[in-house]
Structure formats: C-alpha cells, structure tokens
Amino acid sequence: MPEALKQHVEACYQRAEQHFQRRFARPEISIKLRGQKAGVAHLTENKLRFNWVLYQANQHDFLAQTVAHEVAHMIAHQLYGLRIQPHGPEWQSIMREVFKRPATRCHHYAITRTPRTHYLYQCGCAEPMPFTGQRHQRVRRGAGYLCRRCKQKLIFSGETRQQ
C-alpha cells in the first residue's frame, strides 16, 4: 500500500471531520481494483478500492481527485445513508465545499487494454464464431451452443484470435 495514498485518504477524512464537526469511521483500503475504474467505494462494507495501475500512471491527479471522489462517497453515505443518488447534490456538495475539488463523475486517465483471446467455433456457416474465454470454459464443462443462423451445433475449431 503506497504511503502517499493512505496519507491522502486520512487527510480527506480529517478535512471532512473538521468541516462537519464529527468523527467518521475509517475504511479498509485496497489497491487491488482492476480494469477501467480508478476507484470504488463499497459503502456498506466501509471499504475503498483503488486501481494500482492507474494510480502509478497518474499519481498527482489520482491523489487530488480520485481519492477525494471516493472518500466523498463514504462521507455522504455516513451522513445521509443509502437513499441518496451516488453523484447527487449531497456528494457534489462534499466535493466542492469540503474538498474544494470539481464534482466530476469520471476520470480521463489513459487506459491500455490487454488483448483478449477469442476461441473460434465453427458450424455450417462460412464465418467462425468467436467465443470469449468464459463461454469457451462453459463448453469445456459440457454446455452446448447452436448457431442462430444455421441452427447447427458450434464446435471448437482449435484456433484462437487476439482482439
């Protein structure tokens, strides 16, 4: 866990406590989030998850904006409960008034996508049908699929393609 990330989460909580004149429960923090999301607040579990790859590539903005964004969700939940909109006026107010940050919903970090393997299945049609790894595993466990056009069973051709 990067010390700067933990320190910034704590600084956000201290700022919120000073603003609202009350104490807030600290969350568990994880850096195991993957994919396109920079951060996620699990409100009922009191847990913050951050994307390590995006943190490393965008440290300054990540600490300033993403950490505040996710902590604002936690603060809004502790103040107003679950019945508020995720990016509604309560959350926006915390972002602007407490953290002095723009209340933006999405990040604009560059995301590199890893190529996905597609498993090629054949039927009576000329074109092979690409299956995701998940669907391919279902076939290996006994599931069967029919072509929507020719209604024949799709059979793994033994070939894969990166996309």
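One can find the structure itself at the top, above this paragraph.
Residues numbered from 1 in each chain as written. Predicted model: local features only at pLDDT ≥ 70, side-chain atom pairs only at ≥ 80, totals over all residues. Heavy atoms only, no water.

S.K.: Which parts of the structure should I look at to understand the overall build of the chain?
M.R.: The helix and strand tally for the chain stands at five helices and six strands. Helices (α) and strands (β) of the chain occur, in sequence order from the N terminus, as α-β-β-β-α-α-α-β-β-α-β. At 22 Å, the chain has a C-alpha radius of gyration far larger than the 15 Å of a compact globule built from 163 residues. Seen through its principal axes, the chain has C-alpha atoms that stretch 70 × 35 × 25 Å. When the 163 residues of the chain are sorted by exposure, 33% land in the buried category. Look at the contacts in the chain between residues 6 or more apart in sequence, and 52% of them connect residues 24 or more apart. As displayed, the chain has an accessible area near 10600 Å², and 48% of this comes from carbon and sulfur atoms. On the chain, the mean spot of the 26 positive side-chain charges and the mean spot of the 11 negative ones are 10 Å from each other. (Helix = DSSP H or I, 4+ residues; strand = E, 2+ residues; numbered from the N terminus. Rg over C-alpha atoms; globule rule 2.2 N^0.38 Å. Buried < 20%, exposed > 50% of the residue type's maximum accessible area, 1.4 Å probe, protein only. Contact = heavy atoms within 4.5 Å. Areas by Shrake-Rupley, 256 points an atom, 1.4 Å probe, with all protein chains shown as cover. Lys, Arg positive; Asp, Glu negative; His and termini not counted. Charge placed at Lys NZ, Arg CZ, Asp CG, Glu CD.)

S.K.: How do you make sense of unusual backbone geometry when you look at a structure like this?
M.R.: A negative phi angle is the norm for most residues apart from glycine, just as the trans form is the norm for most peptide bonds. For asparagine 46, which is not a glycine, the phi torsion comes out positive at approximately 50°. Note on placement: asparagine 46 falls in the loop between strand E2 (39-42) and strand E3 (47-50).

S.K.: Help me understand the sheet that holds strand E6 (residues 155-162), please; the structure alone is not making it clear to me.
M.R.: The strands making up a sheet associate through backbone hydrogen bonding, with each pair oriented either parallel or antiparallel. Spatially, the three strands line up as an open sheet ordered E5-E4-E6, and their pairing is antiparallel. Looking at the sheet topology across the chains shown, the edges are occupied by strand E5 (129-131) and E6. In this sheet, adjacent strand axes meet at a mean angle of 35° when their direction is disregarded. With five bridges connecting them, strand E4 (residues 117-122) and E6 associate as antiparallel partners. Across the sheet, residue tyrosine 121 finds its bridge partner in E6, namely phenylalanine 156. Most of the contacts of helix H5 (residues 133-140) go to E4, to which it runs at about 50°, and overall it touches E4, E5 and E6. (Pairing = 2+ DSSP bridges. Axes fitted to C-alpha atoms, helices over the stretch in contact; angles between N-to-C directions.)

S.K.: Help me out: how do you make sense of the pairing of E2 in this one?
M.R.: Along any regular strand the residues' side chains alternate between the sheet's two faces. Note: E2 against E3, four bridges, orientation antiparallel. Pairing of histidine 42 across the sheet is with lysine 47, part of E3.

S.K.: Honestly, the sheet that holds E2 in this entry has me stumped. Any pointers?
M.R.: Reading across from one edge, E1-E3-E2 is the order of the three strands in this open sheet, with mixed pairing throughout. For this open sheet the edge positions go to strand E1 (28-30) and E2, each flanked by a neighbour on one side alone. Strand after strand, the sheet turns through a mean of 15° between neighbouring axes, direction not considered. Here helix H3 (residues 59-80) sits on the sheet and contacts E2 and E3; the angle it forms with E3, its principal contact strand, is near 150°.

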